[in-house]
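A look at the structure
Here's the letter readout for the chains.
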Amino acid sequence: AQRVTQPEKLLSVFKGAPVELKCNYSYSGSPELFWYVQYSRQRLQLLLRHISRESIKGFTADLNKGETSFHLKKPFAQEEDSAMYYCALSGGGADGLTFGKGTHLIIQP
Amino acid sequence: GAGVSQSPRYKVAKRGQDVALRCDPISGHVSLFWYQQALGQGPEFLTYFQNEAQLDKSGLPSDRFFAERPEGSVSTLKIQRTQQEDSAVYLCASSLGTVNEQYFGPGTRLTVT
């Protein structure tokens, strides 16, 4: 069965500090990995996906197949990064997404 | 253009009542997904449509849950004889194809009393 684990329910860092949100997955095959973000009072939206290899809002994530991880990183946190972050996995094709439980990121001024 | 919309935004139902939740996907989006998000959890997949065909309903928790998309556009998720454990936010998402980005609606918060 496929599974996504986000070990931190809450992560609090100071503005300007580096951020790393952890995500580990379990899947027998080649999954597609995503990070979704939900800002306060807004809907869930895609932040980035591993196949696009983009940096969005300063965030990057590298798929490490050996460690089955897809950690989200940003070198210098900003207050507007405060939000709920969900790591998600798709087996590809017509699969629905399998989400982790989410990490609440709080950036302190 | 307009994003995915869902109605009602909030629904309170007495245990045993039937409810119907509506999703209007982005125009032209072929794929439509329903998810259930319990408090403090991530969204969990319920079912998937490609146009009007329901291709995967493996996530529906019981036969009290039923979804349809008769004309390949608007979708309705129906829950019969609601139970307290059905209380959750129900999210709808649509995408252009099967491998494209999923766009989420605002959700319907269902509370069963």
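To keep things clear, this report deals only with the structure shown in the data block.

1. Section: the interface of chain B and chain A
Counting residues at the interface gives 20 residues for chain B, matched by 14 residues for chain A. Taking both partners together, chain B and chain A bury about 1400 Å²; carbon and sulfur atoms supply 52% of that area. When the buried surface of chain B facing chain A is broken down by residue, P43(B), E101(B) and F104(B) rank first, second and third, together holding 33% of it. If you look at where chain B meets chain A, you find 0 salt bridges. Connecting chain B to chain A are 4 residue pairs in polar contact (both at pLDDT 80 or more). At the level of elements, β4 (31-37) and β5 (44-50) of chain B are the ones that each hand at least two residues to the side of chain B that touches chain A. Broken down by element, the side of chain B that touches chain A gets its largest block of residues, 3 residues, from β4(B). A per-class count over the side of chain B that touches chain A returns 10 nonpolar, 9 polar and 1 charged.

2. Side note on the packing of aromatic side chains
What characterises a pair of aromatic rings is the spacing of the ring centres plus the angle enclosed by the ring planes. Residue and element names in this part refer to chain A. In this structure the tally under the stated criterion is 12 aromatic pairs over all chains. The interplanar angle of 90° and the centroid separation of 6.3 Å between the aromatic rings of Y86 and F99 together place this pair among those described as edge-to-face. Placement of the pair is Y86 in strand β9 (residues 83-90) and F99 in strand β10 (residues 98-99), with a sequence separation of 13 residues. Across the pair, F99 and Y86 agree in class, each one buried.

3. Some details on the side chain of H50(A)
Within the secondary structure layout, H50(A) lies in the loop between β6 (45-49) and β7 (60-61). Apart from the residues within four sequence positions on either side, H50(A) is in contact with P31(A), E32(A), L33(A), L63(A) and F70(A).

4. With respect to the pairing of β6(A)
Residue and element names in this part refer to chain A. Taking burial as the measure, the 5 residues of β6 include 4 buried ones, the bulk of the element. As defined by bridge partners, strand β5 (residues 32-38) adjoins β6 across 4 bridges and the pair is classed as antiparallel. From the neighbouring strand, V37 faces β6, where its bridge partner is Q45. Hairpin connection of β5 to β6: 6 residues between the antiparallel strands, including R41 at a positive phi of 65°.

5. Quick look at the pattern of salt bridges
Counted by the stated rule, this structure contains 7 salt bridges over all chains. A salt bridge links E20(A) to K22(A), with the nearest nitrogen and oxygen atoms 3.3 Å apart. Judged by its relative accessible area of 30%, K22(A) is partly exposed. Between D24(B) and R22(B) there is a salt bridge, and its shortest N-O distance comes to 2.7 Å.

6. Considering the state of the cysteines
Residue and element names in this part refer to chain A. Counting across every chain of the model gives 2 disulfides over all chains. Covalent S-S linkage joins C23 and C87, the inter-sulfur distance amounting to 2.0 Å. Since a negative S-S torsion denotes a left-handed disulfide, the C23-C87 link at about -65° is left-handed. Note that C23 is positioned in the loop between β3 (19-21) and β4 (24-26) and C87 in strand β9, a separation of 64 residues in sequence. This pair shows no difference in class: C23 is buried, exactly as C87 is.

7. Quick word on the nonpolar core
The biggest cluster of nonpolar side chains holds 24 residues, and the ones touching the most others in it are W35(A), L72(A) and Y85(A). The leading source of residues in this core is β9(A), at 4 residues. Look past the residues within four positions of L72(A) in its chain and what remains in contact with it is V19(A), E20(A), L21(A), W35(A), L47(A), L48(A), F59(A), T60(A), A61(A) and Y85(A). Counting 20 residues, the second-largest nonpolar core is a separate cluster that includes L21(B), C23(B), L32(B) and A67(B).

Parameters and conventions
- Residues numbered from 1 in each chain as written.
- Chains lettered and ligands numbered in written order.
- Predicted model: local features only at pLDDT ≥ 70, side-chain atom pairs only at ≥ 80, totals over all residues.
- Heavy atoms only, no water.
- Contact = heavy atoms within 4.5 Å.
- Buried area = accessible area lost by both parts, 1.4 Å probe.
- Salt bridge = Lys/Arg side-chain N within 4 Å of Asp/Glu carboxyl O.
- Polar contact = N/O pair within 3.5 Å; in protein donor to acceptor, adjacent residues only side chain to side chain.
- Helix = DSSP H or I, 4+ residues; strand = E, 2+ residues; numbered from the N terminus.
- Nonpolar A, V, L, I, M, F, W, Y, C, P; charged D, E, K, R; others polar.
- Phe/Tyr/Trp six-rings, centres within 6.5 Å; stacked < 30°, edge-to-face > 60°.
- Buried < 20%, exposed > 50% of the residue type's maximum accessible area, 1.4 Å probe, protein only.
- Pairing = 2+ DSSP bridges.
- Disulfide = S-S within 2.5 Å.
- Core = buried A, V, L, I, M, F, W, Y, C linked by side-chain atoms within 4.5 Å.

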